[in-house]
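Residue-level structure breakdown
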Amino acid sequence: DVKVTQSSRYLVKRTGEKVFLECVQDMDHENMFWYRQDPGLGLRLIYFSYDVKMKEKGDIPEGYSVSREKKERFSLILESASTNQTSMYLCASRGLEQPQHFGDGTRLSIL
Amino acid sequence: ILNVEQSPQSLHVQEGDSTNFTCSFPSSNFYALHWYRWETAKSPEALFVMTLNGDEKKKGRISATLNTKEGYSYLYIKGSQPEDSATYLCAHYNAGNMLTFGGGTRLMVKP
């Protein structure tokens, strides 16, 4: 079974902090994704990556950056956290012609 | 802006009832339609990947149909059980390899 692991289930940070959310997958998938999920807005794509060192903006990239130095790891970075970034963050990976496999999510609160 | 719409947003049914809900999506540039099941405190899990107009897929008591010409998919649950309570997400893949999620239908099955 595909395993997508997010480093934290719950995280509380302060406004202005630099926040790192880590995601690791064990199936050698090329494609990895970061989403946020907010009530009434569904899953919104922040950034995605098709390969190592490659990144593409999704629908809501503002305030975020990403890093993909190794194939199995895709990191989401909040450069200077703000309260409107309080949300549930989901990482996913996908092989060719396959559905997405999701991690358990990180519920991030910015105080 | 979500151009993948799911209805209803939420649904309460009694155990044993059969139910269905809808996903509508742009019919142009269609590539695939995914259905996911997202239980509270767990990660979304893929139910179906549908690619051809007229596709019907079934997994136990859950089935789905696809109409790519008019841009909709139905998900059916026969004889709902409390363990079916979850949010059901559909996601539309277009030919540009972009996956867009709907807002989800939250199903609650009362024993």
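First, a word on what this report is: a plain description of the structure on this page. Just so it is clear, the structure is predicted and the values come from calculations on it, not from any experiment.

So, how was this worked out
Residues numbered from 1 in each chain as written. Chains lettered and ligands numbered in written order. Predicted model: local features only at pLDDT ≥ 70, side-chain atom pairs only at ≥ 80, totals over all residues. Heavy atoms only, no water. Pairing = 2+ DSSP bridges. Helix = DSSP H or I, 4+ residues; strand = E, 2+ residues; numbered from the N terminus. Contact = heavy atoms within 4.5 Å. Buried area = accessible area lost by both parts, 1.4 Å probe. Salt bridge = Lys/Arg side-chain N within 4 Å of Asp/Glu carboxyl O. Polar contact = N/O pair within 3.5 Å; in protein donor to acceptor, adjacent residues only side chain to side chain. Nonpolar A, V, L, I, M, F, W, Y, C, P; charged D, E, K, R; others polar. Axes fitted to C-alpha atoms, helices over the stretch in contact; angles between N-to-C directions. Buried < 20%, exposed > 50% of the residue type's maximum accessible area, 1.4 Å probe, protein only.

All names here are of chain B. With four bridges joining them, strand E6 (residues 56-59) and strand E7 (residues 62-67) adopt antiparallel strand pairing. Residue pairing for E7: Lys58 is matched across the bridge by Ser63. Count of turn residues in the E6/E7 antiparallel hairpin: two residues, of which Gly60 carries a positive phi of about 65 degrees.

A word on the interface of chain B and chain A. The accessible area lost on association of the parts is a frequent measure of interface size. Tallying the contact residues gives 18 residues for chain B and 19 residues for chain A. Buried surface at the junction of chain B and chain A, summed over both partners, amounts to about 1500 Å²; 59% is from carbon and sulfur atoms. Counting the contacts that link chain B with chain A gives zero salt bridges. The tally of links from chain B across to chain A stands at five residue pairs in polar contact (both at pLDDT 80 or more). At four residues, strand E4 (residues 30-38) of chain B tops the list of elements feeding residues into the side of chain B that touches chain A. When its residues are assigned to classes, the side of chain B that touches chain A shows 13 nonpolar, five polar and no charged.

Here we come to the sheet that holds E7 of chain B. For sheets, the rule is that strands pair by backbone hydrogen bonds, running either parallel or antiparallel. All names here are of chain B. Taken in spatial order, the five strands of this open sheet run E1-E3-E8-E7-E6, and their pairing is antiparallel. Each edge of the sheet is formed by a strand with only one pairing partner; in this case those strands are strand E1 (5-7) and E6. In this sheet, adjacent strand axes meet at a mean angle of 15 degrees when their direction is disregarded. Sheet topology places E7 next to strand E8 (residues 72-77); six bridges connect them, and they run antiparallel. By the bridge assignment for E8, Ser63 is matched with Tyr76.

Next up on the list: the pattern of salt bridges. Residue and element names in this part refer to chain A. Considering all chains together, one arrives at 10 salt bridges over all chains under this definition. Glu30 is the salt-bridge partner of Lys71, the closest N and O atoms lying 3.2 Å from each other. Here Glu30 lies in the loop between strand E4 (23-25) and strand E5 (31-38) and Lys71 lies in the loop between strand E8 (64-70) and strand E9 (73-78), a separation of 41 residues in the sequence. Assessed through its relative accessible area of 21%, Lys71 is described here as partly exposed. Assessed through its relative accessible area of 35%, Glu30 is described here as partly exposed. For Arg36, the salt bridge is made with Asp38, and the minimal N-O distance between the two is 2.8 Å. The exposure classification of Arg36 matches that of Asp38, with both residues buried. Connected through shared salt-bridge partners, Asp28, Glu30 and Lys71 make up one network.

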